Amino acid sequence: MESHLLIGAPGAIYTARLVAITGDRLIHPADAQNDLARIVLRWARAWVPETWAARRHFDALGIGDGESPQYADRDVTGWLLLRPQPESLAAQVRSNRLDVATALAAEAEAWPG
């Protein structure tokens, strides 16, 4: 059985020019060969830690709000894209089952404001 944290070959470097969608995941570039690495998950309009290593990384930098940490695009610029969570909006967009506009509209409806 495959773990959802299993790391495949990292993809593009994340920049503000890439449209991130709920379910997209990023890994710190220094951790690309480590399945216990710093990984964040896109949730609505922010990134959240998917691993304890990611949480500790941002805590050490003094970034995040403690109880429910969320990170901005600027905090993860330069990290590497991983395969998105299965059946997430991002996975559906990356597999061409859903267009980007529809996915973003679904996000906006689910998480207004």
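Residues numbered from 1 in each chain as written. Predicted model: local features only at pLDDT ≥ 70, side-chain atom pairs only at ≥ 80, totals over all residues. Heavy atoms only, no water.

Enquirer: Mind showing me how you'd approach the overall build of the protein chain here?
Expert: Counting secondary structure elements, the protein chain contains four helices and four strands. In sequence order, the protein chain lays out its α and β elements as β-β-β-α-α-β-α-α. The proportion of buried residues among the 113 residues of the protein chain is 42%. When contacts within the protein chain are restricted to residue pairs at least 6 apart in sequence, long-range pairs at least 24 apart make up 53% of them. As displayed, the protein chain has an accessible area near 6,600 Å², and 55% of this comes from carbon and sulfur atoms. (Helix = DSSP H or I, 4+ residues; strand = E, 2+ residues; numbered from the N terminus. Buried < 20%, exposed > 50% of the residue type's maximum accessible area, 1.4 Å probe, protein only. Contact = heavy atoms within 4.5 Å. Areas by Shrake-Rupley, 256 points an atom, 1.4 Å probe, with all protein chains shown as cover.)

Enquirer: Is there a simple way to explain the sheet that holds strand β2 (residues 39-43) in this structure?
Expert: Hydrogen bonding along the main chain pairs the strands of a sheet, whether they run parallel or antiparallel. If you trace the four strands from one edge of the open sheet to the other, you get β3-β2-β1-β4, paired in antiparallel fashion. The open sheet has two free edges, formed respectively by β3 (46-49) and β4 (80-82), since each of these has just one partner strand. Between one strand axis and the next, the sheet turns through 40° on average, direction left out of account. Looking at chain direction, strand β1 (residues 25-27) and β4 are connected through three bridges and run antiparallel. Each bridged residue has a counterpart across the sheet, and for I27 the counterpart in β4 is L80. (Pairing = 2+ DSSP bridges. Axes fitted to C-alpha atoms, helices over the stretch in contact; angles between N-to-C directions.)

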